[in-house]
Amino acid sequence: QVQLVESGGGAVQAGGSLRLSCAASGRTFSSNAMGWFRQAPGKEREFVAAIGWSRLNTYYIDSVKGRFTISRDNAKNTVYLQMNSLNPEDTALYSCAASKTNQATAIMSLYDYWGQGTQVTVSS
């Protein structure tokens, strides 16, 4: 059974940092793009960042560029999201997902495995 399990969320003050992890089990995703998405209360889920099979292939939503960094460790079948300079607008449930493709993409329908999410709360 394929599982994606996120961890690393929590409550921080504005300007703080968190590092999210997404550990996959049940199969390897080294050839698949992986992505992070978030959903704030009352809002639709939105794309945050993605990384392709090549670690050099990354893609970010404009609002997190320069603050968030996505990376992957294929030996551990794990994807990370380093989040710096957090602000209250980053408060959301963050979920990771595995794509059908090998290129980083923001297209949600191309992701077919999803984790349950980890909560990030940023206070001002």
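Throughout what follows, the structure given in this document is the object of discussion. As the structure is a computational prediction, the values presented were derived from the model and not from experiment.

1. Some thoughts on the pairing of strand β7 (residues 68-73)
- Side-chain alternation along β7 places Phe68, Ile70 and Arg72 on a buried face and Thr69, Ser71 and Asp73 on a face that remains uncovered.
- Strand direction decides the pairing type here: β7 and strand β8 (residues 78-83), joined by 6 bridges, are antiparallel. Bridge pairing links Ser71 to Tyr80 in β8.
- In textbook terms, the turn of a hairpin is the stretch between consecutive antiparallel strands, and for β7 and β8 this stretch comprises 4 residues, one of which, Asn77, has a positive phi near 55°.

2. What to know about the pattern of salt bridges
- Per the stated rule, a full pass over the model turns up 4 salt bridges.
- Of the charged contacts, one joins Arg38 and Glu46 as a salt bridge, the two residues approaching to 2.6 Å between their closest N and O atoms.
- Residue classification places Arg38 among the buried positions, given a relative accessible area of 6%.
- With its nearest N and O atoms 3.0 Å apart, the salt bridge here joins Arg38 to Asp90. Placement of Arg38 in strand β4 (residues 34-39) and of Asp90 in the loop between β8 and β9 (92-99) is noted, with a sequence separation of 52 residues between them. Exposure class is identical for Arg38 and Asp90. Each is buried.
- Here the salt bridges do not stand alone but share partners, grouping Arg38, Glu46, Arg67 and Asp90 into one network.

3. Observations regarding the sheet that holds strand β1 (residues 3-7)
- Strand order in the open sheet made by the 4 strands is β1-β3-β8-β7, with antiparallel pairing throughout. Each edge of the open sheet is held by one strand with a lone partner, namely β1 and β7. Strand-to-strand twist of the sheet, defined as the mean angle between neighbouring strand axes without regard to direction, takes the value 15°.
- Inspection of the sheet shows β1 paired to strand β3 (residues 18-25) by 5 bridges, in the antiparallel sense. When the sheet's bridge partners are listed, Ser7 is paired in β3 with Ser21.

4. Examining the pairing of β3
- Here β3 runs beside β8; their pairing, made up of 6 bridges, is antiparallel. Opposite Arg19, over in β8, you have Gln82 as the bridge partner.

5. Quick word on the nonpolar core
- In terms of nonpolar packing, the biggest core is built from 27 residues, with Trp36, Leu81, Met83 and Tyr94 touching the most fellow members.
- Going through the elements one at a time, β3, β4, β5 (46-51), β7, β8, β9 and β11 (118-123) are the ones with two or more residues in this core.
- Among residues more than four places away in sequence, those in contact with Met83 are Gly16, Ser17, Leu18, Leu20, Arg67, Phe68, Tyr94 and Val120.

6. Section: the environment of Ser124
- One can find Ser124 in the segment after β11.
- For the pair formed by Ser124 and Thr28, sequence separation is 96 residues and the distance between their alpha carbons is 39 Å.
- Sequence-distant contacts of Ser124, that is, excluding residues within four places in its chain, are made with Ala14 and Pro88.

7. Side note on the side chain of Asn32
- Looking at the secondary structure, you find Asn32 in the loop between β3 and β4.
- A polar contact of 2.8 Å, which involves the side chain of Asn32, links it to the backbone oxygen of Ser99.
- Beyond its immediate sequence surroundings of up to four residues, Asn32 is in contact with Arg27, Ile51, Gly52, Trp53, Arg72, Ser99, Lys100, Thr101 and Asn102.

Reading the values: rules and limits
Residues numbered from 1 in each chain as written. Predicted model: local features only at pLDDT ≥ 70, side-chain atom pairs only at ≥ 80, totals over all residues. Heavy atoms only, no water. Buried < 20%, exposed > 50% of the residue type's maximum accessible area, 1.4 Å probe, protein only. Helix = DSSP H or I, 4+ residues; strand = E, 2+ residues; numbered from the N terminus. Pairing = 2+ DSSP bridges. Salt bridge = Lys/Arg side-chain N within 4 Å of Asp/Glu carboxyl O. Axes fitted to C-alpha atoms, helices over the stretch in contact; angles between N-to-C directions. Core = buried A, V, L, I, M, F, W, Y, C linked by side-chain atoms within 4.5 Å. Contact = heavy atoms within 4.5 Å. Polar contact = N/O pair within 3.5 Å; in protein donor to acceptor, adjacent residues only side chain to side chain.

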